[in-house]
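Next come the chains, spelled out residue by residue.
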Amino acid sequence: MSDDALTCTGLRYSFGGTEAVAGVDLTVTRGEIFGLLGPNGAGKTTAIRCVTTLLPVPEGMVSVFGHDAARDKMRVRRLLGYVPQQLSADSGLTGRENVALFARVFDVPRKERGERVARALESVGLAEAADRLAATYSGGMVRRLELAQALVSAPKLLILDEPTIGLDPIARTGVWEHINAVCAETDMTVLVTTHYMDEAEQYCDRVALMHKGTIRALETPARLKEQLGANATLEDVFREVAGGGLTEEGGGFRSVRSTRRTASRVS
Ligand SMILES: Nc1ncnc2c1ncn2[C@@H]1O[C@H](COP(=O)(O)OP(=O)(O)OP(=O)(O)O)[C@@H](O)[C@H]1O
């Protein structure tokens, strides 16, 4: 298997006249936690949807462990776990039933299912709450349940779109600690989008700063800050590479609405 978990080369995607992804080149190395950062409307979710094969790759190339996402969709899907920004857990099912549903959908062999579901729940700290309805879970527990849903198929590349949006700082830390623990135990690679610069600094090995469809910088958080000078934060770096227009432009009603909806449902 290729040493690169993910390679995007000249990736472009447009919705009608809106060019959401305008030529993205990036490589995520096997085993790293890679952060894709950017304001609302930067194109992060669209790029991720191309990687997950939920959207086609009309221009450029996406390769997951050496498999072309346009030509070898099923192979790529089997290597991926995906936690979308919109909530995917069913509140009318227990935690265990939610994860078991994903195990069936992802074709986890029947004989192994019970144990794999239990292990996924355990790995996100939900073993004790497994048989409670998800409707009774806190926001942080719901996000960890979704993590378990994605982990049950033992993905090689886990893709998380805003996994901590709307959570309080303690719940955010809880989600990250479980992601880290799973990474330490397996050779899983993680691609994560976030608006939270502090999380990216603390948990990501490398980050790509995306703005208006393109990658403006790609480095370790420490090196990015170093390049800007003493006492610089990742947010300062972002302002520098984006060259202004961070708050007023990109995104628009659609993306703000979707982010807010998720945030309000988990809080
Ligand atoms: N289904 C769609 N139809 C039309 N335009 C869309 C659609 N999805 C995204 N866009 C537009 O594409 C651009 C990139 O959006 P995208 O959701 O990829 O950004 P993002 O960086 O993920 O933002 P957020 O942080 O809010 O999720 C935005 O201008 C957005 O309005």
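Note that the coordinates shown come from a computational prediction; the quantities given were computed from them, not determined experimentally.

Engineer: How should I be thinking about the sheet that holds strand S1 (residues 4-15) in this particular structure?
Structural biologist: Two orientations exist for strands paired in a sheet by backbone hydrogen bonds: parallel and antiparallel. Reading across the sheet, the 4 strands line up as S2-S1-S4-S5 and stay open at both edges, with antiparallel pairing between neighbours. The open sheet has two edge strands, strand S2 (18-29) and strand S5 (67-68), and neither has a second partner. Pairing analysis gives 2 bridges linking strand S4 (residues 59-64) to S5, with the strands arranged antiparallel. What sits directly across from Ser63, in S5, is Asp68.

Engineer: Can you walk me through the UniProt feature "domain: ABC transporter" (unreviewed entry) in the protein chain in this structure?
Structural biologist: In this structure's numbering, the residues bearing the UniProt feature "domain: ABC transporter" (unreviewed entry) are residues 6-237. Secondary structure content for residues 6-237 is 38% helix and 27% strand, while the C-alpha to C-alpha distance between its ends is 25 Å.

Engineer: Would you take a moment to explain the environment of Asp4 for this structure?
Structural biologist: Examined against the element boundaries, Asp4 turns out to sit in strand S1. For Asp4, a count of 15 C-beta atoms within 10 Å gives the class partly exposed. Spatially, the C-alpha atoms of Asp4 and Gly66 are 7.4 Å apart, while their sequence positions differ by 62 residues. The contact partners of Asp4, leaving out residues within four places of it in the chain, are Thr27, Val28, Thr29 and Arg30.

Engineer: What is the right way to look at the sheet that holds strand S3 (residues 33-37) in this model?
Structural biologist: If you walk across this open sheet you meet the 6 strands as S6-S7-S8-S3-S9-S10, and the pairing is mixed. Looking at strand neighbours, the two that pair on one side only are strand S6 (80-83) and strand S10 (214-219), the edges of this open sheet. Strand after strand, the sheet turns through a mean of 15° between neighbouring axes, direction not considered. As judged from the 4 bridges shared by S3 and strand S9 (residues 206-211), these two strands associate in the parallel manner. Opposite Gly35, over in S9, you have Val207 as the bridge partner. Across the sheet, helix H5 (residues 139-151) touches S6 and strand S7 (157-161), and the angle it forms with S6 is around 160°.

Engineer: Would you explain the packing of helix H3 (residues 95-105) against H5 in this entry?
Structural biologist: When two helices pack together, you describe them by how their axes are tilted relative to each other and by the distance separating the axes. Where H3 meets H5, the axes come as close as 8 Å, and the angle between the chain directions of the two elements is 30°. Compared by their axis directions, H3 and H5 come out roughly parallel. Read as a crossing pair, H3 and H5 show a hand that is right-handed. Only Leu145, Ala148 and Gln149 of H5 make contact with H3, whose side of the interface consists of Gly95, Asn98, Val99 and Phe102.

What counts and how
- Sequence order as written defines residue numbering, which begins from 1 separately in each chain.
- At least 70 in pLDDT is required for a residue's local features to be given in this predicted model, at least 80 for side-chain atom pairs to be given and counted, and no such filter applies to totals for whole chains, interfaces and linings, which use all residues.
- Strand pairing is defined by DSSP finding a minimum of two bridges between the two strands.
- Here a helix means four or more residues in a row that DSSP labels H or I, a strand means two or more in a row labelled E, and each is numbered from the N terminus.
- UniProt positions are given in the numbering used here, feature names are shortened, and annotations may be inferred rather than shown by experiment.
- Three exposure classes are used, all based on how many other C-beta atoms lie within 10 Å of a residue's own C-beta (placed from the backbone): buried at 20 or more, exposed at 12 or fewer, and partly exposed between those limits.
- With C-beta atoms placed from the backbone, a contact is any residue pair whose C-beta atoms sit within 7 Å.
- Fitting a line to C-alpha atoms yields each axis, with helices limited to the stretch in contact; the angle taken between N-to-C directions then spans 0 to 180 degrees.
- Reported orientations rely on four angle classes, namely roughly parallel under 35 degrees, roughly antiparallel over 145, roughly perpendicular from 65 to 115, and oblique for the rest.
- In this scheme the crossing of two helices becomes right-handed for a clockwise turn of the near helix relative to the far one and left-handed for an anticlockwise turn of less than a right angle.

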